[in-house]
Amino acid sequence: WSKNAKEQAAYDCVLLDAPCSSERHLMEKAASLAEWSANRVKVNAKRQESLLLAALDTVRIGGRILYSTCALATLENDGVV
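Note that the structure is a prediction, hence the values are computed from the model and not measured.

A short note on the state of the cysteines
(1) Moving on: Counted according to the given criterion, the structure contains 0 disulfides.
(2) Moving on: Here C13 is not disulfide-linked; the sulfur of C70 is the nearest cysteine sulfur, at 20 Å.

Quick word on the environment of N77
(1) Moving on: Here N77 shows up in the segment after β2 (59-68).
(2) Moving on: In this structure, N77 is in contact with T69, A71 and L72, ignoring residues within four places of it in sequence.
(3) Moving on: Reaching out from N77, the side chain makes a polar contact with the backbone oxygen of A73 at a distance of 3.1 Å.

Conventions adopted
- Residues numbered from 1 in each chain as written.
- Predicted model: local features only at pLDDT ≥ 70, side-chain atom pairs only at ≥ 80, totals over all residues.
- Heavy atoms only, no water.
- Disulfide = S-S within 2.5 Å.
- Helix = DSSP H or I, 4+ residues; strand = E, 2+ residues; numbered from the N terminus.
- Contact = heavy atoms within 4.5 Å.
- Polar contact = N/O pair within 3.5 Å; in protein donor to acceptor, adjacent residues only side chain to side chain.

Here is the structure:
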């Protein structure tokens, strides 16, 4: 994320549909289980945190951020927020 002075505090509302580690697919596809690792969850949580901090930079004081993820892991949900 590179800070753009024009976008700081520029928006009333920011929608953040954060990428996740897709654990829900583990129940459906064996190939997904082969790709999954605990480290993947940690990496995605860090990515989500960076995106959320960027959203905080761009939303005006009194504005709203809608944070959404399909993750099942607490680390990627409540752990980020």
